[in-house]
Every structure is written in C-alpha cells, then in structure tokens.
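# Chain and residue survey
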Amino acid sequence: MKTTTLGRSGLEVSRLALGTWEFSGAWGNVDEDNAIAIVRRARELGFNFFDTAHEYGFGTAERILGTALRHDLDHARDEVVIATKGGLRETDEGPVRDARPEWLRHDVDTSLSALGIDHIDLYQVHWPDPAVPAAETAGALAELVASGKIRHVGVSNYDAEQIAEFSATLPVETVQPPFNMLRRELQDTLFPYCRDNNIGVLVYGALAHGLLTGTITSETRLADDDWRALSGLFSGEGFARNLKVVAALRSMAGDLGVTLSQLALAWTLAQPGVHVAIVGAQQADYLQDSAAAVHLDLSPDDLAAIAEILAPSAPLRGPYPEMWKEFRAPS
C-alpha cells in the first residue's frame with residue numbers, strides 16, 4: 001500500500017483509508033463479525049488509516065473498529081491512524097448539527113470510550129454548524145489538543161471560506177469533502193485552497209455510494225433500511241444519464257485491464273490536492289480490488305478520455321444530516 005503525508009498534519013497514512021459508515025446500520029443490517037473481518041483484511045492489505053464517526057450508529061461503528069483493531073491499538077498504537085468525527089447530536093427526528101464546545105467535549109469522550117483508546121489521531125468536525133461561531137468550536141478543539149485527547153484537528157464538509165474562518169482560531173490540518181467522478185466541482189474551488197495552505201484532503205464517496213462499482217443498474221432494488229433507497233440519488237433522469245456514463249467508464253476500464261472501481265479510485269487519487277480516498281466495503285473480498293487501485297497510474301491520455309466520458313454526467317448529490325428528517329416527514 002502506498003502512503004502519503006497528510007498535509008500539514010504530518011501524519012503518514014495509506015493512500016486509501018477504510019471508512020466505517022457501513023458499520024452504522026444506515027446501509028442495512030450490520031453483521032459485526034463480518035465488519036471485524038473487513039477491518040482486519042484492510043490491515044493485511046496495508047491500510048493504516050481508518051475513518052469513523054460518532055454519528056455512525058452513535059458509537060456502533062467506533063466500537064466495532066476498536067474491537068477489530070484491539071491488538072494494534074494495545075501493542076502497536078503508532079502503526080495505525082484513527083480518524084473520527086463529532087459535532088452531530090441524535091434526536092427523535094434524526095441527527096442535528098451541534099458544534100458547541102460542551103457537545104464536542106462530550107463527543108470526544110464518548111468516542112475515546114467506544115474506540116477504547118486514550119487519544120484520537122485526527123478529530124474532525126463532521127458538518128459546519130451555522131448556529132455556533134467557528135471560533136467557539138475551534139477554541140474547544142484547541143483545548144482538547146492541549147489536553148492530549150486529540151492530536152490533530154480537521155473538518156468535514158466545509159468549504160474554503162468556512163475553513164479560513166475556523167483557521168483564524170485554530171489552523172485546520174485536514175478536510176474531508178465528498179468527491180468522485182460524478183461530483184467534481186471541488187476541483188476548482190476547495191482543492192486549490194487546500195494546496196495553497198498545505199491542508200490534507202481525504203475524500204469520501206469516491207465510488208459514488210456504489211454507482212461507480214458497476215453493480216447498480218436500473219433494475220437494482222435497494223433494501224428499505226438502506227439510506228440510498230430513500231435519497232433519490234438512484235432514480236430519475238439524472239440517474240439514467242449517469243448509468244450511461246458508468247457503462248462507458250466500465251468499457252474503458254476493461255480496455256485497460258482493470259475494474260471500474262479501480263479506475264474510479266485511481267482517477268480520484270490522480271487529482272491534484274487529493275491525498276487519500278476513503279473506501280468502504282460490505283465484504284472483505286472487495287478490499288483486494290480497491291487496494292490495487294493505488295498502483296494504477298493513469299496517463300494524460302487516459303485522464304483526457306475520462307474527462308470526455310464524464311462531460312454529459314448529471315451532478316450527484318450525497319448524504320447530509322437533514323435528510324433523515326426529510327425521510328421521516330409525512331408525505
């Protein structure tokens with residue numbers, strides 16, 4: 001597994017990180033033994049970077065990750081990098097943004113307990129909270145760094161202006177934005193800012209929530225407890241357009257002798273400013289395919305051909321906290 005230095009954080013991490021949202025229950029029923037096997041297979045393949053969040057089952061994913069990595073966490077702590085996120089609070093209507101200092105302190109303590117560790121390598125504010133001044137959020141995290149509970153601070157789903165505001169109190173070291181072949185707008189906005197400020201970029205949704213694996217078709221019926229079934233991302237005219245783009249990408253991948261997933265991940269990692277792509281898996285075997293993507297070097301001609309294929313794609317939106325409330329609203 002190739003590694004990279006994650007911007008100003010100085011963390012040396014694998015270019016693929018294992019994401020654990022699939023362990024939350026939001027994608028369907030969670031088989032804990034299977035989830036543990038996925039994490040351990042990732043370690044065997046050279047992953048040293050693991051991304052989770054308190055909101056992923058409100059402790060479930062963190063607990064599973066801590067269990068799976070128990071030996072490393074107890075005996076080789078410096079060999080694994082744990083990133084988690086906080087700043088969302090569960091309510092009867094779904095998660096809400098809450099980046100108040102008191103809630104972040106609560107979230108950090110809860111995450112430490114669930115993971116079974118005494119410090120978090122990278123702590124990220126999950127979503128910007130417009131109700132809380134950035135200086136208050138950043139100030140609280142600075143205090144948590146001083147206490148030793150967290151080592152590095154990042155943000156997730158922030159734009160460049162929000163990062164600059166936060167950094168006026170505490171310099172942002174990393175950012176976790178949504179980015180993939182079908183969601184490319186950050187190439188011209190956030191990424192140049194991050195390059196100019198040496199901010200590490202770890203992107204999520206690199207496989208477009210399954211669409212860029214080639215396993216989703218117009219006939220696919222997602223489980224009722226899978227968030228994608230309710231999101232509207234996999235229906236309508238835009239979905240039909242993207243399926244045609246995916247078919248063309250699959251054909252190109254075949255010509256190159258790789259899988260569609262490998263092509264999508266290699267393209268993501270080839271984008272200027274991207275340090276790491278987060279990948280999830282519902283089966284341990286899928287990780288072997290993903291891991292091979294770090295060794296696929298796309299030529300300028302390959303990248304130009306991909307750009308032409310992507311030109312007619314429809315913009316793809318991803319998940320956001322308020323969607324759960326919208327799903328539950330009466331029709």
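Residues numbered from 1 in each chain as written. Predicted model: local features only at pLDDT ≥ 70, side-chain atom pairs only at ≥ 80, totals over all residues. Heavy atoms only, no water.

### Some points on the overall build of the protein chain
Scanning the protein chain from terminus to terminus reveals 13 helices and 12 strands. For 331 residues, the compact-globule formula gives about 20 Å, and the C-alpha radius of gyration of the protein chain, at 19 Å, lands near that figure. If you line up the protein chain on its principal axes, its C-alpha atoms span 55 × 50 × 40 Å. Split into buried and exposed, the 331 residues of the protein chain put 56% on the buried side. Sequence-distant contacts in the protein chain: of pairs separated by 6 or more residues, those separated by 24 or more amount to 76%. If you sum the accessible surface of the protein chain, you get close to 13,900 Å²; carbon and sulfur atoms cover 49% of it. Distance between charge centroids for the protein chain: 1 Å, based on 27 positive and 46 negative side chains. (Helix = DSSP H or I, 4+ residues; strand = E, 2+ residues; numbered from the N terminus. Rg over C-alpha atoms; globule rule 2.2 N^0.38 Å. Buried < 20%, exposed > 50% of the residue type's maximum accessible area, 1.4 Å probe, protein only. Contact = heavy atoms within 4.5 Å. Areas by Shrake-Rupley, 256 points an atom, 1.4 Å probe, with all protein chains shown as cover. Lys, Arg positive; Asp, Glu negative; His and termini not counted. Charge placed at Lys NZ, Arg CZ, Asp CG, Glu CD.)

### Things to note about the packing of helix α10 (residues 260–270) against helix α12 (residues 300–310)
Interhelical geometry of α10 versus α12 gives an angle of 110° and a closest axis separation of 12 Å. The orientation of α10 relative to α12 falls into the category roughly perpendicular. Each of Leu-263, Trp-267 and Ala-270 in α10 lies in contact with α12, whose residues at this interface are Leu-303, Ile-306 and Leu-310. Classifying every residue of the contact of α10 with α12 gives 6 nonpolar, no polar and no charged. (Axes fitted to C-alpha atoms, helices over the stretch in contact; angles between N-to-C directions. Parallel < 35°, antiparallel > 145°, perpendicular 65-115°, else oblique. Nonpolar A, V, L, I, M, F, W, Y, C, P; charged D, E, K, R; others polar.)

### Focus on α10
For α10, a buried count of 10 out of 11 residues is recorded, marking the element as mostly surrounded by other parts of the structure. The secondary structure elements touched by the buried residues of α10 are β3 (16–19), β11 (200–203), α9 (236–256), β12 (276–279), α11 (286–291) and α12.

### Digging into the pattern of salt bridges
A side chain with one charge may pair with a side chain of the opposite charge, provided their charged atoms come close. Applying the stated criterion across every chain yields a total of 14 salt bridges. One salt bridge in this structure joins Asp-121 and Arg-77, with 3.0 Å as the shortest N-O distance. Highlighted residues: Asp-121 in strand β8 (residues 120–125) and Arg-77 in the loop between α3 (70–75) and β5 (81–86), separated in sequence by 44 residues. Each of Arg-89, Asp-98, Arg-100 and Glu-102 takes part in one network of salt bridges that share partners. (Salt bridge = Lys/Arg side-chain N within 4 Å of Asp/Glu carboxyl O.)

### Here's the deal with the layout of surface pockets
Empty space within the second largest pocket amounts to approximately 230 Å³. Looking at the second largest pocket, it is lined by 16 residues, and the ones nearest its centre are Trp-127, Asn-157, Tyr-158, Pro-178 and Arg-183. Split by residue class, the lining of the second largest pocket holds 9 nonpolar, 3 polar and 4 charged. (1 Å grid on protein atoms, 1.4 Å probe; cavity = no way out; pocket = protein on both sides within 12 Å on 5 of 7 lines; lining within 4 Å. Points joined across faces, edges and corners; volume = space filled by probe spheres on them.)

### Quick notes on the side chain of Lys-85
Looking at where Lys-85 falls in the secondary structure, it is placed in strand β5. Only 2.6 Å separates the side chain of Lys-85 from the side chain of Asp-51, close enough to count as a polar contact. At 2.9 Å, the side chain of Lys-85 forms a polar contact with the backbone oxygen of Thr-52. In contact with Lys-85, not counting residues within four places along its chain, are Asp-51, Thr-52, Ala-53, His-54, Tyr-56, Tyr-123, Gln-124, His-126, Ser-156 and Gln-176. (Polar contact = N/O pair within 3.5 Å; in protein donor to acceptor, adjacent residues only side chain to side chain.)

### A few points about the pairing of β3
Of the two faces of β3, the one lined by Leu-16 and Leu-18 and the one lined by Ala-17 and Gly-19 are each fully buried. Judged from the 3 bridges that link them, β3 and β12 form a sheet pairing that is parallel. Opposite Ala-17, over in β12, you have Ile-278 as the bridge partner. Two strands pair when backbone bridges link them, and β3 and strand β4 (residues 49–51) are joined in this way by 2 bridges, in the parallel orientation. In the strand pairing of β4, Leu-18 is matched with Phe-50. (Pairing = 2+ DSSP bridges.)

### Remarks on the packing of aromatic side chains
Under the definition given, this model contains 4 aromatic pairs. Where Tyr-158 meets Phe-166, the ring centres are 6.2 Å apart and the plane angle is 85°; that geometry is what we call edge-to-face. Per residue, the accessibility class of Tyr-158 equals that of Phe-166, and both read buried. In textbook terms, an aromatic cluster arises when at least three aromatic residues are bridged by ring pairs, as seen for Phe-179, Phe-191 and Trp-267. (Phe/Tyr/Trp six-rings, centres within 6.5 Å; stacked < 30°, edge-to-face > 60°.)

### Points about the nonpolar core
Membership of the largest hydrophobic core comes to 90 residues, with the highest contact counts inside it found for Phe-47, Phe-50, Leu-141, Phe-166 and Leu-249. Leave out the neighbours within four places in its chain, and Leu-249 touches Met-181, Leu-212, Leu-260, Leu-263, Ile-306, Ile-309 and Leu-310. Ranked by size, the runner-up nonpolar core spans 14 residues in total, among them Val-13, Val-81, Ala-83 and Leu-202. (Core = buried A, V, L, I, M, F, W, Y, C linked by side-chain atoms within 4.5 Å.)

### As for the environment of Asp-107
Looking at where Asp-107 falls in the secondary structure, it is placed in helix α4 (residues 101–115). Using a relative accessible area of 0% as the deciding quantity, one classes Asp-107 as buried. Residues Asp-107 and Asp-159 lie 52 residues apart in sequence; the distance between their C-alpha atoms is 23 Å.

### Quick word on the packing of helix α2 (residues 60–68) against α4
Two elements in contact, α2 and α4, have axes whose closest approach is 7 Å; the angle formed by their N-to-C orientations is 40°. Relative to α4, the element α2 lies oblique. On α4, the residues that touch Glu-62, Arg-63, Leu-65 and Gly-66 of α2 are Ser-111, Ala-114 and Leu-115. Of the residues assigned to the contact of α2 with α4, the class counts are 3 nonpolar, 2 polar and 2 charged.

Just geometry here; none of it tells us what the structure is for.
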